[in-house]
Amino acid sequence: MRYVIAIIMLFCAAQAWAGNVVVSNASARATAPGQESAAIQFTITSKTEARLVTIVSPVAGSVEIHSMTHDDGMMKMHALEFLPLPAGKKVSLGSSGMHVMLLDLKKPLKAGENVPLTITVEFADKHEEKISVNAEVKSLTRSRH
Ligand SMILES: [Cu+2]
């Protein structure tokens, strides 16, 4: 009995922490046949200073946070080990040079579907919080009705 209560308390504590990070406007684009990667967009805000350390999705073999830099007219993309989340500041992924990529897609992304993502954020005191998000898949092209 004591064991059960301890688990419930643990669960409640985790729920309280979940209020620290807000993820919004998560979306992806439908993929073309044969396409093996897809970009995901979302906005993330943490109340306290933190870093986004990992993202996993059941539809992808791996998920990477990419940063884009222009170097002598060449566009270079490289994977970041983590994404810094300054306290209270909105961080947009997808609209700026930073974006999230699903790699090694297990199936094509179809418009209207949702892509489940689990985002892990690590705080300054090293405790981690997991946020579950569903990214809405939008059509690749605008329909011409
Ligand atoms: Cu990329």
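The structure displayed is predicted, hence computed values, not measured ones. (Residues numbered from 1 in each chain as written. Predicted model: local features only at pLDDT ≥ 70, side-chain atom pairs only at ≥ 80, totals over all residues.)

**A word on the overall build of the protein chain**
In terms of helices and strands, the protein chain carries 1 helix and 10 strands. In the protein chain, the succession of α and β elements from N to C terminus is α-β-β-β-β-β-β-β-β-β-β. Relative to its full complement of 145 residues, the protein chain shows a buried share of 19%. Across the protein chain, contacts joining residues at least 24 apart in sequence account for 71% of those joining residues at least 6 apart. (Helix = DSSP H or I, 4+ residues; strand = E, 2+ residues; numbered from the N terminus. Buried ≥ 20, exposed ≤ 12 C-beta atoms within 10 Å, placed from the backbone. Contact = placed C-beta atoms within 7 Å.)

**Side note on the environment of alanine 124**
The topology assignment puts alanine 124 in the loop between β9 (114–123) and β10 (128–138). Residue classification places alanine 124 among the exposed positions, given that 10 C-beta atoms sit within 10 Å. Taking the C-alpha atoms as reference, alanine 124 lies 6.6 Å from glutamate 49; in sequence the two are 75 residues apart.

**Topic: the confidence of the model for the protein chain**
Confidence in the prediction for the protein chain averages 86 pLDDT; 83% of positions are at 70 or higher. In the model of the protein chain, helix α1 (residues 2–17) stands out as the element of lowest mean pLDDT, 51, in contrast to strand β3 (residues 50–56), which has the highest, 97. Low pLDDT, under 50, characterises residues 12–17; the predicted model gives this stretch 1 contact beyond four residues in sequence or across chains. (pLDDT = per-residue confidence, 0-100.)

**Digging into the nonpolar core**
Ranked by size, the top nonpolar core spans 25 residues in total, and within it Ala28, Ile40, Leu52, Val115, Leu117 and Ala135 carry the most contacts. Elements that contribute at least two residues to this core include exactly β1 (21–29), β2 (38–46), β3, β4 (60–71), β6 (83–85), β8 (99–105), β9 and β10. If we skip the residues at most four places from it in the chain, alanine 28 touches Ala38, Ile40, Leu109, Val115, Ala135 and Val137. (Core = buried A, V, L, I, M, F, W, Y, C linked by C-beta atoms within 7 Å.)

**What to know about the pairing of β1**
Where β1 meets β2, 6 bridges bridge the pair, whose relative direction is antiparallel. If you follow alanine 28 over to β2, its bridge partner there is isoleucine 40. Taken together, the 3 bridges between β1 and β10 define a ladder with parallel strand orientation. If you follow serine 27 over to β10, its bridge partner there is glutamate 136. (Pairing = 2+ DSSP bridges.)

**A word on the environment of lysine 90**
Checked against the element boundaries, lysine 90 lands in strand β7 (residues 90–93). Separated by 47 residues in sequence, lysine 90 and threonine 43 place their C-alpha atoms 6.6 Å apart. In this structure, lysine 90 is in contact with Thr43 and Thr45, ignoring residues within four places of it in sequence.

**Brief notes about the environment of serine 24**
You can see serine 24 is positioned in strand β1. The exposed category is assigned to serine 24, around which 11 C-beta atoms lie within 10 Å. Ignoring sequence-local partners within four residues, the contact set of serine 24 consists of Phe42 and Thr43.

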